[in-house]
Amino acid sequence: MTSGSRHGGQHSAPTPRVRLVDVAREAGLSKTTVSAALNDTGRLSPAVREKARETARRMGYRPNATARQLRAGRAKLIGYVVGEAADAPSVFLESPYFARLTGATAATALRRGYALVLLPSGSLQSEWADLPLDAVVVTDPGADDRIVDDVLAAGIPVFSDRSVEGRQGAHWVDVDIEAAVRSVLDHFRDQGARRPVLVVPDSTTRFHAEVFAAHREWCAEHGLRERVVRVGEPGNGPVVRAVETALAGGPEADGETVGDGKAVGDGKAVADGDPAAGGDRPDALLVVAEASPPLVLEAARRHGYDVPGDLLLVCVSEDATAEHTEPPVTTLTLRPEAIAEAGIDHLVKVLEHGSREPSGTLVPTRLDVRASSVRKHD
C-alpha cells in the first residue's frame, strides 16, 4: 500500500460515514421506521422492511458499534482457541475436522450477532487480557492447558468439552465418544473381525483418553487383546507411518513398549498391549488420528491388504474424499456443525438470557458405513 493518494502524494479525505438519517432520507421513510427494520423490531410490512434494509445495504450503512456495545454491555466478541493444537498451531486448519468446526462456529456465531476472534493456541493471558471478550471457546484442551483456568479466573465464561463439567462459569458440548467407539467395534465384530487395531494420537485431551478407555473396556468384554498404536504428532505423514506400524503386525503393533510407551520423535508410533502376544496381522483398523482416507487406504495396499477382503477400515474423519475412494471408506463423523450449533446456543443463553448454571450437551456421532468396512460374501 502507498502512503498517500496518486495525486501529489496528498492523503485523500475519509469517506463520510453513512448515518441512519441518510438511509431514512434516501428510502423516503422515517428514521424510526428504518431503525425498526434494521433491528427486526416493530410492526412493519415485509415490503417496507425490505426497502429499508436494501437501501441501507446499497448505501453501505453500518450501525455505530460503540453505541451498540454501550447499550448492550457487550462487545459481541468471542475468543476461539484450538487447545489440541497448542504444540503445532499451524496444523489445525489443515484438519478437515477443525476447519469445519471453526468455520461452523464462526458462521453460527455471526448469525447470532457475535464475531469470532482467533486466539493463538497456547495463548498466555497477556495476549488476550486487553481484548473485550464476552466469552472464550476452547476446543479440546489438553490436561495441562492453562487457558481454561486463566479465562475463568478473569470472570469470562468458557465453552469447552466435558473436561470443564461442573466448574463455575464453564459450559460444555461434547460427543458421546464411548458410544461411538463401541458402534465401530461392534460393526467390526458383526462383519467377522477378531483382531482390530486402534490408531490413536498420544494426546492428553479428554476425547482421546475416552477413546482409549472405551476401546480397552470393549476388548475386555469380548475377550480380545488390546491392539493400540499411538501417534506422536498430528499430520498425514506421522499418522500414515503409525498405520503402517499397525498393518505390519510385528512386535510393535502387538504390544512391544518402547521407553515409557509413548510416541517418540518425528511420527514414531509405539504400541501398547500384551508384549507376549504373537505377530498375527490385524483384520480391522480404526484410525482415530486424523489422516487423509485415501492415504490410509493406499498404505493398506502397499502392505498387501485387500480392503475389505483382508482388512476392514474405518476412519474418524470429516474428509469428503472418503466417499470417492475405491472402495469408499467408512467414516465416523463427529458432526462439527452440530457441535458448533449447540455451543453457540449455550453461549447465547448465558450472555443474553442470564443463565449462570453450568450446562452441557452431548452430541451423538454418526457412523457412515461404506464398502471399506463391509465384508464381501460369495
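Residues numbered from 1 in each chain as written. Predicted model: local features only at pLDDT ≥ 70, side-chain atom pairs only at ≥ 80, totals over all residues. Heavy atoms only, no water.

Enquirer: Help me understand the overall build of the protein chain in this model?
Expert: Looking only at helices and strands, the protein chain has 12 helices and 13 strands in total. Sorting the 378 residues of the protein chain into buried and exposed places 46% on the buried side. A total of about 18700 Å² of accessible surface is found on the protein chain, and carbon and sulfur atoms cover 51% of it. (Helix = DSSP H or I, 4+ residues; strand = E, 2+ residues; numbered from the N terminus. Buried < 20%, exposed > 50% of the residue type's maximum accessible area, 1.4 Å probe, protein only. Areas by Shrake-Rupley, 256 points an atom, 1.4 Å probe, with all protein chains shown as cover.)

Enquirer: Would you take a moment to explain the pairing of strand 3 (residues 135–139) for this structure?
Expert: Taken residue by residue, a regular strand's side chains alternate between the two faces of the sheet. For strand 3, the buried fraction is high: five of the five residues fall into the buried class. Of the two faces of strand 3, the one holding Ala135, Val137 and Thr139 and the one holding Val136 and Val138 are both buried throughout. Here strand 1 (residues 77–82) runs beside strand 3; their pairing, made up of five bridges, is parallel. For Val82, the partnering residue across the bridge sits in strand 3 and is Thr139. In this sheet, strand 4 (residues 158–160) lies alongside strand 3 in parallel orientation, the contact comprising two bridges. (Pairing = 2+ DSSP bridges.)

Enquirer: What should I look at first to understand the sheet that holds strand 12 (residues 360–363) in this one?
Expert: The strands making up a sheet associate through backbone hydrogen bonding, with each pair oriented either parallel or antiparallel. Strands sit in the order 2-1-3-4-5-12 across an open sheet of six strands; the sheet is parallel. Strands with a single pairing partner mark the edges of an open sheet, and in this sheet they are strand 2 (115–118) and strand 12. Averaged over all neighbouring strand pairs, the angle between strand axes comes to 20°, with direction disregarded. Sheet topology note: the strand 5 (residues 170–175)/strand 12 ladder contains four bridges and is parallel. By the bridge assignment, Val175 is partnered in strand 12 with Val363. (Axes fitted to C-alpha atoms, helices over the stretch in contact; angles between N-to-C directions.)

Enquirer: Sorry if this is basic, but what is going on with helix 10 (residues 236–248) here?
Expert: Quick reminder: α-helices carry 3.6 residues per turn. Residues three or four places apart thus point the same way. With 13 residues, helix 10 extends 18 Å from end C-alpha to end C-alpha; this agrees with the ideal 18 Å at 1.5 Å per step. Restricting attention to buried positions, one finds in helix 10 the residues Pro238, Val239, Val240, Ala242, Val243, Thr245, Ala246 and Leu247. Contact partners of the buried residues in helix 10: strand 6 (196–201), strand 7 (227–231), strand 9 (284–287) and helix 11 (293–302). (Expected span 1.5 Å × (residues − 1). Contact = heavy atoms within 4.5 Å.)

Enquirer: What exactly am I supposed to notice about helix 9 (residues 206–221) here?
Expert: With 16 residues, helix 9 extends 22 Å from end C-alpha to end C-alpha; this agrees with the ideal 22 Å at 1.5 Å per step. All buried positions along helix 9 are accounted for by Phe207, His208, Val211, Phe212, Ala214, His215, Trp218 and Cys219. On an axial view of helix 9, the arc spanned by its buried residues comes to 165°, and they lie on one face. Among the exposed residues of helix 9, those pointing more than 90 degrees away from its buried face are Ala220 and Glu221. Within two residues after helix 9, Gly223 carries a phi angle of roughly 65°, on the positive side. (Arc of directions from axis to C-beta.)

Enquirer: Quick question: what am I supposed to make of the environment of Asp186 here?
Expert: Mapped onto the elements of the fold, Asp186 is located in helix 8 (residues 177–190). Spatially, the C-alpha atom of Asp186 lies 8.9 Å from that of Trp218, the residues being 32 residues apart in sequence. Not counting chain neighbours up to four residues away, the residues in contact with Asp186 comprise Trp218 and His222. Separated by 2.8 Å, the side chains of Asp186 and Trp218 make a polar contact. (Polar contact = N/O pair within 3.5 Å; in protein donor to acceptor, adjacent residues only side chain to side chain.)

Enquirer: Even after reading the chapter, I still don't get the confidence of the model for the protein chain, so can you show me in this structure?
Expert: The predicted coordinates should not be examined in detail at positions where pLDDT is low. Looking at the protein chain as a whole, its pLDDT mean stands at 82, while 79% of the residues score no less than 70. This stretch, residues 1–8, has a pLDDT under 50; its non-local contacts, to residues over four places away or in other chains, come to seven contacts. Every residue in residues 250–278 is under pLDDT 50, and counting partners more than four places away or in other chains gives 67 contacts. (pLDDT = per-residue confidence, 0-100.)

Enquirer: Quick question: what am I supposed to make of the nonpolar core here?
Expert: Within soluble globular proteins, side chains that are nonpolar tend to cluster in buried spots. With 48 residues, the main nonpolar core has Phe188, Val211, Leu286, Val288 and Leu347 as its most contacted residues. Per-element tally for this core: the top contributor is helix 12 (residues 336–353), with eight residues. The residues contacting Leu286, other than those within four sequence positions of it, are Val184, Phe188, Val197, Leu198, Val199, Val314 and Val316. Residues Val287, Ala289, Ala299 and Val307 belong to the second largest nonpolar core, which totals 25 residues. (Core = buried A, V, L, I, M, F, W, Y, C linked by side-chain atoms within 4.5 Å.)

Enquirer: How should the packing of aromatic side chains be read in this particular structure?
Expert: The geometry of an aromatic ring pair is captured by the separation of the ring centres together with the interplanar angle, meaning the angle of the planes. For the structure shown, the criterion picks out one aromatic pair. Between Tyr97 and Phe98, the ring centres sit 5.1 Å apart and the planes meet at 70°, which makes this aromatic pair edge-to-face. Directly above the aromatic system of Tyr114 lies the positively charged group of Lys76, at a separation of 4.2 Å from the ring centroid. A cation over an aromatic ring shows up here: Arg230 above the ring of Phe212, its NZ or CZ 4.5 Å from the ring centre. (Phe/Tyr/Trp six-rings, centres within 6.5 Å; stacked < 30°, edge-to-face > 60°. Lys NZ or Arg CZ within 6 Å of the ring centre and 35° of its normal.)

Enquirer: Help me understand the pattern of salt bridges in this model?
Expert: Side chains carrying opposite charge are able to pair once their charged atoms draw close together. Applying the stated criterion across every chain yields a total of 22 salt bridges. Between Arg19 and Asp22 there is a salt bridge; the shortest N-O distance is 3.1 Å. Among the charged side chains, a network of salt bridges with common partners joins Glu178, Arg182, Glu217 and Glu221. (Salt bridge = Lys/Arg side-chain N within 4 Å of Asp/Glu carboxyl O.)

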